[in-house]
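# Chains, contacts and geometry: an overview
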Amino acid sequence: MKKALLLTTLILSAFISNACIKHTDLKPDSTIKMDGTTMFGQGGGVDFDNDGNIDCSFTWYWFSGGMGFGGWQMTINANDSTTKYIVTGKDTLQFGERIVTPLSQGKSIDATDNWAYSQFGCALADSTKLNFSGLGDKYIGVQFTINNKVHYGWILVSFDSSATNRQLDIKSFAYNTSPGLGIVAGDTGTAIDTIVVFGKGGQDTLINSNTLQMETTITPTAAYNKELEWKVDDTTLASISATGLLTAKKVGKVKVTVTDSCSGKTDDTTITIKPLPVGITKEKIMSSTTIKIYPNPVNDILYLEKESGINYKTAILHSIEGKQLKAYTFEQDNLEINMKELPSGLYFMVLVNTNTDLREVVRITKR
């Protein structure tokens, strides 16, 4: 269980709650100053997931030499044994703590790294080995748990151990909210600025019982730090999957909303669900063993090829409103239909069987 530790007051200038890279920028930096009179001090509490409990904090120790050794040490402490740090080999400093490895921007942080936990913390530096001191901005690789699942993160620090200005500055931190997935030192994620939702191909109508893939336009286009959540305002009219596939249940108007949990950006659109066209009571997508209809979606020419002996006599093209546009007769096993001049959108091809007059319907999308 996480334990609340003494920490300095942190002012968060940016906190992005998401299901991707969660980044916290500290403005001003959280600073721990060391002196030669106080035995130890704590500060710089890091709460990766902003749940109010500190995951790790920093502690400095000062010993006067009365115990056979003297000097100072700066450590990073863990809330429990599941919180670990990337360390250098099995080396330790004068008080026995493992040595934290200073990481540069771009270093991958994941399960393959050399991780260590110490009850009394892992050391950034001490009087005998300066390590982080004087290097400027460096990263600490962190492994910790949320709900018993391992997460990986980084903390950006700068450490100065000079006699005139002995202090540690904690500047920012981030972690990957997907359990088990690594993170790159310095990665703050590229969040969404704007999001626009629409039906595939710009379609805003849907025939009852059919499906429509919802799509989004996102800026910047390089925004990979995203996780989209879909919902509809009336589940009696339609349902929507986690990937944005809308399935119509009955006639009406349904509002589809998409929310990016990384940035909080959201957008919605209304899809009109229409009844099946007059005279079409059911849909059946034809098996390729009976007839081939391609390409679908189509730009210009639509090809129909039926197997010899399959008795389709007529192919009737309908608009999405049910209006019959043109009927075509199978003189042979192949049929070519020119759709070049037709507007983009959804159409129905009704296939009439010679012997039974059974009407089977195929959806056709015109680009």
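Residues numbered from 1 in each chain as written. Predicted model: local features only at pLDDT ≥ 70, side-chain atom pairs only at ≥ 80, totals over all residues. Heavy atoms only, no water.

Turning to the pairing of strand β13 (residues 167-176), a few remarks are in order. Most of β13 sits out of view: nine of its ten residues are buried. Looking at chain direction, strand β2 (residues 21-33) and β13 are connected through nine bridges and run antiparallel. Across the sheet, Lys33 pairs through a bridge with Gln167, a residue of β13. Inspection of the sheet shows strand β12 (residues 149-160) paired to β13 by eight bridges, in the antiparallel sense. For Ser158, the partnering residue across the bridge sits in β13 and is Asp169. Taking the residues between adjacent antiparallel strands as the criterion, β12 and β13 are bridged by six residues. (Buried < 20%, exposed > 50% of the residue type's maximum accessible area, 1.4 Å probe, protein only. Helix = DSSP H or I, 4+ residues; strand = E, 2+ residues; numbered from the N terminus. Pairing = 2+ DSSP bridges.)

Going through the model one piece at a time under the given rule, you end up with eight aromatic pairs. Taken together, a centroid distance of 5.6 Å and an interplanar angle of 80° make the contact between Phe48 and Phe173 edge-to-face. Placement of the pair is Phe48 in the loop between β3 (40-46) and β4 (56-64) and Phe173 in strand β13, with a sequence separation of 125 residues. Residues Phe48 and Phe173 agree in their burial class; the two are buried. Ring centres 5.5 Å apart and planes at 25° place the aromatic pair Tyr294 and Tyr303 in the stacked group. For Tyr303, a relative accessible area of 29% puts it in the partly exposed group. Grouping aromatic residues by their ring pairs yields a cluster made of Phe48, Phe144, Phe173 and Tyr175. (Phe/Tyr/Trp six-rings, centres within 6.5 Å; stacked < 30°, edge-to-face > 60°.)

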